[in-house]
Amino acid sequence: MEQPIIHIENIYKSFDEETHALRGVNLDVQRGEVVVIIGPSGSGKSTLLRCINRLEKYDHGTIVVDGIPLTEAENIHAVRREVGMVFQQFNLFPHLSVLDNIILAQRVVRHRPRKEAEETARALLEKVGISEKADVFPIQLSGGQQQRVAIARALAMNPKIMLFDEPTSALDPEMIQEVLDVMQALAKEGMTMVVVSHEIGFARAAADRAILMDGGQIIEEAAPDVLFENPTEERTKLFLSKVLH
Amino acid sequence: MTRPNKNQPVSLSDHFYPLPTNNWMSKNIDPWWGLFAAVAALVLFMVFFIPDPYAQIVIFIRDGIGTTVITTVLSFILMLFLGLIVALGRLSHSTVLRLMATIFTEIVRGIPLLVQLIFWYFAFPSIVQQIGIWLGISAFGNYLANPLGMAILGMTVCYSAYMSEIYRAGIQGIPKGQMEAALSLGMNRFQAMRYVILPQAIRLIMPPVGNEFISLLKDSSLVSVVAVTDMTRRGREFMSTHFIPVQTWTMIALLYLVMTLFAARIVAYIERKTQNER
């Protein structure tokens with residue numbers, strides 16, 4: 001079997017003596033795989049995601065991303081260049097236009113010439129369906145549009161992996177689909193994705209694997225249809241009964 | 001950076017200005033400019049219609065006005081840089097840098113500005129001379145303080161400590177997600193600061209920085225104690241030769257007031273402009 005692009009082994013993380021965010025998580029993600037992680041709040045799913053690009057430090061364990069172990073400081077930057085991340089709160093840079101949001105890191109991190117960076121940015125805006133908004137500022141966009149810009153911004157770095165941290169949780173209901181459509185298209189292109197989300201519809205349509213986390217541990221993992229239809233663990237059934245009405 | 005929708009109202013504050021917004025005057029001139037205009041008119045009236053003694057006073061202290069402006073502007077620019085360095089030190093991940101920056105601000109903020117100015121002008125050169133004599137370096141041994149240089153140094157050091165706190169508040173006022181987004185794109189902390197955090201923080205701190213400029217302008221009168229011939233010192237010289245304290249200090253007070261009122265209007269204008277841009 002091919003070496004996994006993300007290899008997570010026995011990760012422990014605690015914020016203080018009492019709160020253990022992660023308690024011995026093991027997870028391998030294959031190249032091109034789409035993994036959806038669900039679970040109640042405080043279950044450690046976002047923390048796990050943030051450990052993959054080391055926005056969160058972990059206390060114990062190993063994470064290897066695309067053959068690079070997350071240990072040395074220079075490795076962290078190397079990994080972050082290969083891993084795109086989309087946040088719940090979009091986190092667009094409010095002082096820059098949409099276009100400059102997508103150009104900035106290309107210029108600063110990848111040292112691309114302005115013209116090339118701008119072409120990439122415009123092509124990506126086209127891809128996420130808001131090319132006409134290139135020159136406006138993030139505050140003038142709807143939540144769904146902002147999130148699509150955030151996805152374009154991450155894609156501009158040509159990441160090998162995309163992490164989504166509850167990308168639709170802060171959106172009005174009617175804007176969720178436009179973001180999910182972009183993510184689904186991305187999945188179809190073969191992007192490796194790890195998605196923390198409660199969008200069961202998306203998980204069924206796009207994911208190869210669904211994972212339920214609780215109490216800092218992986219409770220159950222299976223193909224989405226299996227996990228959502230016939231979960232084996234009691235905890236999974238209980239959680240799904242609350243999520244699926 | 002182009003902003004095609006510049007004239008479109010984007011913030012609540014626009015609604016509090018009932019005048020038409022397509023008029024340059026109504027957008028940039030607020031009613032408090034009237035106070036500045038009144039004080040400036042009063043000064044001009046006094047100088048032209050009561051030249052004895054007011055024109056005499058202004059002519060006598062005119063180089064002092066220049067010195068006050070130079071001291072203020074140079075100290076302001078320098079303290080903006082030094083303050084940023086101290087603020088970055090305080091926010092650094094390195095314990096040593098953080099400790100050094102914290103000790104610096106605590107010490108500087110705990111000593112009156114006047115005492116600091118006197119220290120830099122009278123005590124500091126003495127220390128340099130002593131060290132020069134011990135080490136046998138004649139350049140140090142014969143060191144003489146330049147009054148203006150030492151005054152600007154003293155103002156810069158003192159104000160940079162306060163300024164660093166303003167920077168710190170501004171940087172910490174930017175949501176954590178901004179730094180995380182920048183890091184997740186592969187930027188290092190310096191790049192994230194330079195391109196993402198600071199441009200936003202500077203907009204945020206524009207109003208308090210403007211107020212620092214105004215207090216710096218007023219506090220610059222303290223340098224008159226350490227042999228700098230600023231407006232205040234020239235005023236004392238004029239008073240001691242002409243013995244008309246009321247007229248002298250009325251004129252000097254009005255001149256300071258004209259400068260601070262003008263600066264305050266500029267600050268208010270910048271504040272309004274940056275608010276609209278956010």
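As the structure is a prediction and not an experimental result, all values here were calculated from the model.

Undergrad: How should the overall build of chain B be read in this particular structure?
TA: Helix and strand counts for chain B stand at 11 helices and 0 strands. If you list the helices and strands of chain B from N to C, you get α-α-α-α-α-α-α-α-α-α-α. The buried share of chain B, reckoned over its 278 residues, is 43%. About 15000 Å² of surface is accessible on chain B, with carbon and sulfur atoms providing 70% of the total.

Undergrad: I would appreciate a short explanation of the overall build of chain A in the present structure.
TA: Looking only at helices and strands, chain A has 9 helices and 10 strands in total. In terms of C-alpha radius of gyration, chain A reaches 18 Å, essentially the compact-globule figure of 18 Å for 245 residues. In terms of principal-axis extent, the alpha carbons of chain A reach across some 55 × 45 × 40 Å. Buried positions account for 57% of the 245 residues belonging to chain A. Nonlocal contacts in chain A, meaning residues at least 24 apart in sequence, comprise 65% of its contacts between residues at least 6 apart. Carbon and sulfur atoms form 47% of the exposed surface of chain A, whose accessible area is close to 10400 Å². Of the side-chain charges in chain A, 26 are positive and 36 negative, and the distance between the mean point of each set is 5 Å.

Undergrad: So what exactly am I meant to see when it comes to helix 5 (residues 113-135) of chain B here?
TA: Side chains three or four residues apart in an α-helix point the same way, a direct result of the helix having 3.6 residues per turn. Residues and elements named next belong to chain B. For helix 5, which comprises 23 residues, the first-to-last C-alpha distance of 31 Å matches the rise-based estimate of 33 Å (1.5 Å per residue) to within 8%. Trp120 marks the point of greatest bend in helix 5, at about 40°. On its buried side, helix 5 packs onto helix 4 (95-109), helix 6 (138-141), helix 7 (147-172) and helix 9 (189-219). One or two steps after helix 5, the chain reaches Gly136, where phi turns positive at roughly 70°.

Undergrad: Please explain the environment of Arg203 of chain B as it appears in this structure.
TA: All names here are of chain B. On the secondary structure map, Arg203 appears in helix 9. Look at Arg203 and you get buried, because its relative accessible area is 18%. With 33 residues separating them in the primary sequence, Arg203 and Gly170 have C-alpha atoms 8.6 Å apart.

Undergrad: So what exactly am I meant to see when it comes to the nonpolar core here?
TA: Soluble globular proteins tend to bury their nonpolar side chains together. Counting residues in hydrophobic clusters, the biggest one holds 52 residues, and the most contacted among them are Phe93 of chain A together with Met187 of chain B. Top element by residues in this core is helix 9 of chain B. It accounts for 6 residues. The contact partners of Met187 of chain B, leaving out residues within four places of it in the chain, are His77, Phe93, Leu104, Ala105, Val108 and Val109 of chain A together with Ala182, Ala192 and Val196 of chain B.

Undergrad: Help me understand the packing of helix 3 (residues 51-90) of chain B against helix 9 of chain B in this model?
TA: Relative placement of two packed helices is described by the angle separating their axes and the distance separating the axes. Residue and element names in this part refer to chain B. Where helix 3 contacts helix 9, the two axes come as close as 11 Å, and the packing angle between them is 140°. Along this stretch, helix 3 crosses helix 9, giving a crossing that reads as right-handed. Contacts between helix 3 and helix 9 pair Thr68, Thr72, Ser75, Phe76, Met79, Leu80, Leu84 and Leu88 from the former with Met193, Leu198, Val209, Glu212, Phe213, Leu216 and Leu217 from the latter. Here the residues of the contact of helix 3 with helix 9 sort into 11 nonpolar, 3 polar and 1 charged.

Undergrad: I keep staring at the pattern of salt bridges and nothing clicks. Help me out?
TA: Two side chains with opposite charge may pair up if their charged atoms get near one another. All names here are of chain A. Here the structure, examined in full by the defined rule, presents 26 salt bridges over all chains. Between Arg209 and Glu33 there is a salt bridge, with its nearest N and O atoms 2.9 Å apart. Residue Arg209 is located in strand 9 (residues 209-214), and its partner Glu33 is located in the loop between strand 2 (20-29) and strand 3 (34-38); the two are separated by 176 residues in the primary sequence. Each member of the pair, Arg209 as well as Glu33, carries the same accessibility label: buried. Here Lys45 ties to Glu166 by a salt bridge, and the two come within 3.7 Å at their closest N and O atoms.

Undergrad: Help me out: how do you make sense of the pairing of strand 10 (residues 217-222) of chain A in this one?
TA: Successive residues of a regular strand alternate their side chains across the two faces of the sheet. All names here are of chain A. Across 5 bridges, strand 9 lies against strand 10 in antiparallel orientation. From the neighbouring strand, Met213 faces strand 10, where its bridge partner is Ile218. The antiparallel pairing of strand 9 with strand 10 creates a hairpin that spans 2 residues between the two strands, and Gly215 there sits at a positive phi of about 60°.

Undergrad: Any chance you could explain the packing of aromatic side chains here in plain terms?
TA: The geometry of an aromatic ring pair is captured by two quantities: the separation of the ring centres and the angle between the planes. One pass over the full model with this rule turns up 10 aromatic pairs over all chains. The interplanar angle of 25° and the centroid separation of 5.0 Å between the aromatic rings of Phe45 of chain B and Phe49 of chain B together place this pair among those described as stacked. With Phe45 of chain B and Phe49 of chain B both in helix 2 (residues 33-49) and 4 residues apart, the pair spans about one turn of that helix. When the ring of Tyr121 of chain B is compared with that of Phe122 of chain B, the centres are 4.7 Å apart and the planes differ by 75°; the resulting orientation is edge-to-face. For Tyr121 of chain B, a relative accessible area of 19% puts it in the buried group. Three or more aromatic residues joined by ring pairs form one cluster here, namely Trp33, Phe36 and Phe262 of chain B. We note Arg153 of chain A situated over the ring of Phe93 of chain A; from NZ or CZ to the ring centre the distance is 4.4 Å. A cation over an aromatic ring shows up here: Arg234 of chain B above the ring of Phe60 of chain B, its NZ or CZ 4.3 Å from the ring centre.

Undergrad: Would you mind showing me how to read the interface of chain B and chain A here?
TA: How big an interface is tends to be expressed through the accessible area that disappears when the partners come together. With 24 residues of chain B in contact, the opposing surface of chain A contributes 27 residues. On the surface where chain B and chain A come into contact, there are 1 salt bridge. One salt bridge in this structure joins Arg50 of chain A and Glu180 of chain B, with 2.6 Å as the shortest N-O distance. Where chain B meets chain A, there are 4 residue pairs in polar contact (both at pLDDT 80 or more). Looking at the side of chain B that touches chain A, the elements with two or more residues in it are helix 8 (176-184) and helix 9 of chain B. Among the elements that line the side of chain B that touches chain A, the one with the most residues is helix 8 of chain B, at 7 residues.

Undergrad: Help me understand the sheet that holds strand 4 (residues 60-65) of chain A in this model?
TA: Backbone-to-backbone hydrogen bonds join strands into a sheet, with any given pair of strands oriented parallel or antiparallel. All names here are of chain A. Here 4 strands make up an open sheet; going across it, the order is 2-1-4-5 and the pairing antiparallel. Either end of the sheet is taken by a strand with one partner, and the two such strands are strand 2 and strand 5 (68-69). Bridge analysis of strand 1 (residues 6-14) against strand 4 gives 5 bridges, and the strand direction is antiparallel. Counted as the bridge partner of Ile6 is Val65 from strand 4. Running over the sheet, helix 1 (residues 45-52) touches strand 1, strand 2 and strand 4 and is turned about 60° from strand 2.

Undergrad: I tried to follow helix 5 (residues 143-155) of chain A on my own but got confused; where do I start?
TA: Helix length check: helix 5 of chain A (13 residues) gives 18 Å between terminal C-alpha atoms against 18 Å at 1.5 Å per residue, within 8%. Summarising burial for helix 5 of chain A: 13 of the 13 residues are buried, a large majority.

Procedures and definitions
- Residues numbered from 1 in each chain as written.
- Chains lettered and ligands numbered in written order.
- Predicted model: local features only at pLDDT ≥ 70, side-chain atom pairs only at ≥ 80, totals over all residues.
- Heavy atoms only, no water.
- Helix = DSSP H or I, 4+ residues; strand = E, 2+ residues; numbered from the N terminus.
- Buried < 20%, exposed > 50% of the residue type's maximum accessible area, 1.4 Å probe, protein only.
- Areas by Shrake-Rupley, 256 points an atom, 1.4 Å probe, with all protein chains shown as cover.
- Rg over C-alpha atoms; globule rule 2.2 N^0.38 Å.
- Contact = heavy atoms within 4.5 Å.
- Lys, Arg positive; Asp, Glu negative; His and termini not counted.
- Charge placed at Lys NZ, Arg CZ, Asp CG, Glu CD.
- Expected span 1.5 Å × (residues − 1).
- Bend = angle between axes of the 7 residues up to and from the residue.
- Core = buried A, V, L, I, M, F, W, Y, C linked by side-chain atoms within 4.5 Å.
- Axes fitted to C-alpha atoms, helices over the stretch in contact; angles between N-to-C directions.
- Left-handed = near helix turned anticlockwise from the far one by under 90°.
- Nonpolar A, V, L, I, M, F, W, Y, C, P; charged D, E, K, R; others polar.
- Salt bridge = Lys/Arg side-chain N within 4 Å of Asp/Glu carboxyl O.
- Pairing = 2+ DSSP bridges.
- Phe/Tyr/Trp six-rings, centres within 6.5 Å; stacked < 30°, edge-to-face > 60°.
- Lys NZ or Arg CZ within 6 Å of the ring centre and 35° of its normal.
- Polar contact = N/O pair within 3.5 Å; in protein donor to acceptor, adjacent residues only side chain to side chain.

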